[in-house]
Amino acid sequence: MDSQTLLSIHGHVITRDTRIRVSHNGDRQWFLHIKDVRLEDEGFYMCQINTEPMVSQEGYLDVLIPPSIQEEGTSSDTVVEEHSKISLACRASGDPPPLITWRREDGKKINLGSYGGKKHTELKVEGEFLNITQVTREDMAAYLCIASNGVQPAVSKRVLLQVNFKPKIRVPTQLVGALAGSDVTLECRVEASPRPLTSWLRGDGVMLLNNRRYELSERTDTYRLEMAIRIRELGPEDFGSYKCVAKNTLGDKEGFIRLYRE
């Protein structure tokens, strides 16, 4: 009706739009069919009977559009330093306008910051922006921006947040005793991001490498890393101090272990 376009007369389609056809069930029910509906089809339609006086009926076609996430204005993978603030954005289009929800991919709660002397967390956050006022290493995760408006399918985008900080080392056992001729394992636990370069040094400054007597291993979990060295067939020269070292672009840290003879 907005363009006053005549679509059909009786059973004949007047418009050149091949998506449109007309059908009827006797003389009582008439149907207008639109194939492959588009946004420009939205609006008022009128069926008219040329009696005297003329009678007509109007109907409105509301074209619903499933949500889509707009790359422009939506955050991509982000790297920040610990204790800084971050705002992740997610923009979506669709009809009706989509509702945006943020979740952590690992299912953990989202850190909303501390106020009133209490830390606040939620499983999901609604809105275009996800704001974290003081980022910690525990906030390092993949976040899902989910857009839904009741028209299937809902869509999502994955945004990876990496939080960088200098290494921190904790030594579970700083004093280790072992028998001569036995095997022993020394351990250091590291937290760092980006992933650090690690090494083991003996007290005389010699760097220890993988060989028949020294077996070096590492186990990682996000920003956590467990480094270990297994020393086989301990001899007199093996007793003394050892040092585990972790270095990344933000700094370095050392952990110390003393191995004594039982």
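Parameters and conventions
- Residues numbered from 1 in each chain as written.
- Predicted model: local features only at pLDDT ≥ 70, side-chain atom pairs only at ≥ 80, totals over all residues.
- Heavy atoms only, no water.
- Helix = DSSP H or I, 4+ residues; strand = E, 2+ residues; numbered from the N terminus.
- Buried < 20%, exposed > 50% of the residue type's maximum accessible area, 1.4 Å probe, protein only.
- Polar contact = N/O pair within 3.5 Å; in protein donor to acceptor, adjacent residues only side chain to side chain.
- Contact = heavy atoms within 4.5 Å.
- Pairing = 2+ DSSP bridges.
- Axes fitted to C-alpha atoms, helices over the stretch in contact; angles between N-to-C directions.
- Core = buried A, V, L, I, M, F, W, Y, C linked by side-chain atoms within 4.5 Å.
- Disulfide = S-S within 2.5 Å.
- Salt bridge = Lys/Arg side-chain N within 4 Å of Asp/Glu carboxyl O.
- UniProt positions renumbered as here; feature names shortened; annotations may be inferred.

Undergrad: What exactly am I supposed to notice about the side chain of Asn164 here?
TA: Position of Asn164 among the secondary structure elements: in strand β17 (residues 155-170). The exposure class of Asn164 is buried, given its relative accessible area of 14%. At 3.1 Å, the side chain of Asn164 and the side chain of Ser193 are in polar contact. When near neighbours in sequence (up to four residues on either side) are disregarded, Asn164 contacts Val79, Val80, Glu81, Glu82, Ser193, Pro194 and Leu250.

Undergrad: Just to check I follow, could you spell out the sheet that holds strand β18 (residues 175-178) for this structure?
TA: Whenever strands of a sheet pair, they do so through backbone hydrogen bonds, lying parallel or antiparallel. Spatially, β18-β24-β23-β20 is the arrangement adopted by the four strands of the open sheet, whose pairing is mixed. Every interior strand has two partners, whereas the edge strands, β18 and β20 (197-202), have only one. Neighbouring strand axes in the sheet, compared pairwise and without regard to direction, differ in orientation by 25° on average. The pairing of strand β23 (residues 240-248) with strand β24 (residues 251-261) spans nine bridges and is classified as antiparallel. Within β24, the position partnered with Tyr242 by the bridge is Ile257.

Undergrad: Help me understand the nonpolar core, please; the structure alone is not making it clear to me.
TA: Ranked by size, the top nonpolar core spans 23 residues in total, and within it Val184, Leu186, Cys188, Trp200, Ile231 and Leu259 carry the most contacts. Counting only elements with at least two residues in this core, the list comes to β18, β19 (184-193), β22 (224-231), β23 and β24. For this core, the leading source of residues is β19, giving five residues. Setting aside chain neighbours within four positions, we find Ile231 in contact with Ser182, Asp183, Val184, Leu186, Arg213, Tyr214, Asp238, Tyr242 and Leu259. Counting residues in hydrophobic clusters, the runner-up holds 22 residues, among them Leu88, Cys90, Cys145 and Val163.

Undergrad: Even after reading the chapter, I still don't get the state of the cysteines, so can you show me in this structure?
TA: Covalent bonding between the sulfur atoms of two cysteines defines a disulfide. Summed over the entire model, instances satisfying the criterion amount to two disulfides. One disulfide bridge connects Cys90 with Cys145, the sulfur atoms lying 1.6 Å from each other. One end of the pair, Cys90, is in the loop between β9 (86-89) and β10 (91-95); the other, Cys145, is in strand β16 (residues 141-148), and 55 residues separate them in sequence. Using a relative accessible area of 0% as the deciding quantity, one classes Cys90 as buried. Here Cys188 pairs with Cys244 through a disulfide, and the sulfurs are 2.0 Å apart. The disulfide joining Cys188 to Cys244 has a torsion of about -85° about its S-S bond and is therefore left-handed. Of this pair, Cys188 sits in strand β19 while Cys244 sits in strand β23, and the two are 56 residues apart along the sequence. Overall, Cys188 belongs to the buried group, its relative accessible area being 1%.

Undergrad: Just to check I follow, could you spell out the pattern of salt bridges for this structure?
TA: For side chains of opposite charge, pairing can occur when their charged atoms come near one another. One pass over the full model with this rule turns up 17 salt bridges. Two residues, Asp106 and Arg104, come together in a salt bridge whose shortest N-O distance is 2.8 Å. Relative accessible area serves as the criterion here: at 43%, Asp106 is assigned to the partly exposed category. Several salt bridges share partner residues, and in doing so they unite Glu82, Arg137, Glu191 and Arg224 into one network.

Undergrad: How should I be thinking about the UniProt feature "domain: Ig-like" (unreviewed entry) in the protein in this particular structure?
TA: With numbering aligned to this structure, UniProt lists the feature "domain: Ig-like" (unreviewed entry) at residues 67-156 and 167-248. As annotated, residues 67-156 comprises 0% helix and 57% strand, and the C-alpha atoms at either end are separated by 9 Å. Between the C-alpha atoms that bound residues 167-248 the distance is 7 Å, and the span itself is 0% helix and 60% strand.

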